[in-house]
Amino acid sequence: MTKLEEFQKNEKVQQTKRFIIKNIRTICCVGMIAFLFVGNLVEFGKKTGAYVNNYGIKGYNVVFNSASIYGILLLVVPALLLCLNYIKSLEDKQSLVKFVAPMISLAVLVVIRLNVKNLMDSGNGSAYAVSFKSSFGLSGWLYLLFCLILIGLGAIEHFKLNVTEESIKKVFKEKNMDEFKNKKD
């Protein structure tokens, strides 16, 4: 590989990194919506003796076939975050919405998972030597990860934290979190 080819390859990698960093909130929101339609959001199963039966609940079933508002919030929150720049009435509260909305989505996701667990555990399954399990499916774990990323980004923006590559290096080197205070404008 020539130096020119190596330079071009490194430049493409740098462009990709800059694109992802610039659009991370949009990528997370689109990913959250997509994961509602792909894969299992919550998985559950029962074990009776040597037999194991596993089932899954798709995100779109929670959103569109649910009798509660919880499922709709899983779709509305990322959509709100995508459209936030175009909503004039929320212009002065954008940083707060970017911080709180993903928390709502995260809470709803956990509530849905716990509801599945409670439904599976209800009844007298233990009398028949039946054990139940419930967990997030792959889509649920990725939805959760994107929620956590959005909460972190929202906290950085809302609390005006100085989070740069240099400040992160200093924090790890000096073991002092004061480096994140007072974001430089």
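Scope of this entry: the structure provided in the associated data block. Worth saying up front: this structure is predicted, and the values here are computed from it rather than measured.

A short note on the layout of surface pockets
- The space that makes up the largest pocket amounts to roughly 600 Å³.
- Forming the boundary of the largest pocket are 24 residues, of which Ile21, Lys22, Ile24, Arg25 and Leu153 lie nearest the centre.

Some remarks on the environment of Tyr55
- Residue placement: Tyr55 occurs in strand E2 (residues 51-58).
- Given the relative accessible area of 41%, Tyr55 is considered partly exposed.
- Distance from Tyr55 to Gly45, taken between C-alpha atoms, is 5.7 Å for residues 10 residues apart in sequence.
- Among all residues touching Tyr55, those that are not within four sequence positions of it are Val42, Glu43, Phe44 and Lys46.

Brief notes about helix H6 (residues 138-158)
- Here H6 is 21 residues long and its end C-alpha atoms lie 30 Å apart, about the 30 Å a rise of 1.5 Å per residue gives.
- Among all positions in H6, only Ser139, Gly140, Tyr143, Leu144, Phe146, Cys147, Leu150, Ile151, Gly154 and Ala155 are buried.
- Looking one or two residues beyond H6, the residue adopting positive phi is Lys160, at roughly 55°.

Considering helix H2 (residues 24-35)
- For H2, built from 12 residues, the straight-helix expectation of 16 Å at 1.5 Å per residue is met to within 8% by its first-to-last C-alpha distance of 16 Å.
- Every buried residue belonging to H2 is among Arg25, Cys28, Cys29, Gly31, Met32 and Phe35, and all of these are buried. Taken around the axis of H2, the buried residues stretch over an arc of 160°, which confines them to a single face.

Quick notes on the nonpolar core
- Leu41, Leu74, Leu109 and Tyr143 are the most contacted members of the largest nonpolar core, which has 31 residues in total.
- Sorting the residues of this core by element identifies H2, strand E1 (40-48), helix H3 (59-64), helix H4 (70-83), helix H5 (94-121) and H6 as the ones contributing at least two each.
- If you tally residues by element for this core, the top one is H5, at nine residues.

A short note on the packing of H2 against H4
- At a minimum axis distance of 9 Å, the contact between H2 and H4 shows a crossing angle of 155°. Viewed along their axes, H2 and H4 adopt a mutual orientation that is roughly antiparallel. The two elements H2 and H4 meet at a crossing, and its hand is left-handed. In this structure, H2 contributes Thr26, Cys29, Val30, Met32 and Ile33 to the contact, and H4 contributes Leu75, Pro78, Ala79, Leu81 and Leu82.

Some words on the environment of Ile24
- Mapping Ile24 onto the fold places it in helix H2.
- Residues Ile24 and Phe146, 122 residues apart in the sequence, show an inter-C-alpha distance of 9.6 Å.
- Ignoring anything within four residues of it in the chain, the contact list for Ile24 reads Ile149 and Leu153.

Digging into the pattern of salt bridges
- Tallying each qualifying case throughout the model produces five salt bridges.
- We note a salt bridge from Lys98 to Glu157, for which the minimum N-O separation is 3.5 Å. A residue pair is termed long-range when its members are at least 10 positions apart, and Lys98 in helix H5 and Glu157 in helix H6 qualify at 59 residues.
- Counted as one network, the salt bridges with shared partners bring together Arg25, Lys98 and Glu157.

What counts, and at which threshold
- Throughout this document, residue positions are counted from 1 along each chain, in the order its sequence is written.
- Thresholds applied to this predicted model are a pLDDT of at least 70 for local features of residues and 80 or more for the giving and counting of side-chain atom pairs; totals over whole chains, interfaces and linings are not thresholded and use all residues.
- Side-chain figures throughout are based on the complete set of non-hydrogen atoms in the structure, without hydrogens or water.
- Buried and open spaces are told apart on a 1 Å grid over the protein atoms alone, a cavity being a set of points where a 1.4 Å probe fits but cannot get out and a pocket being an open set with protein on both sides within 12 Å along at least five of seven lines. Residues with an atom within 4 Å of a point are the lining residues.
- Grid points are joined across faces, edges and corners, and a volume is the space filled by probe spheres set on the points.
- By the criteria applied, helices consist of DSSP H or I runs no shorter than four residues and strands consist of E runs no shorter than two, each listed in order from the N terminus.
- Think of it in three bands: with a 1.4 Å probe and only protein chains considered, a residue is buried below 20% of the maximum accessible area for its type, exposed above 50%, and partly exposed in between.
- Only heavy atoms matter for contacts: two residues are in contact if any of them lie within 4.5 Å across the pair.
- To estimate the expected span of a helix, subtract one from its residue number and multiply by 1.5 Å.
- The directions from the helix axis to the C-beta atoms are what the arc is built from.
- Here, nonpolar core refers to any group of buried Ala, Val, Leu, Ile, Met, Phe, Trp, Tyr and Cys residues whose side-chain atoms link them within 4.5 Å.
- In this analysis an axis means a line fitted to C-alpha atoms, helices contributing only their contacting stretch, and an angle means the value between N-to-C directions, from 0 to 180 degrees.
- The labels follow the angle: roughly parallel below 35 degrees, roughly antiparallel above 145, roughly perpendicular from 65 to 115, and oblique for the rest.
- When the near helix sits turned anticlockwise from the far one by under a right angle, the crossing is termed left-handed; a clockwise turn instead gives a right-handed crossing.
- In the sections that follow, a salt bridge refers to a side-chain nitrogen of Lys or Arg positioned within 4 Å of a carboxyl oxygen of Asp or Glu.

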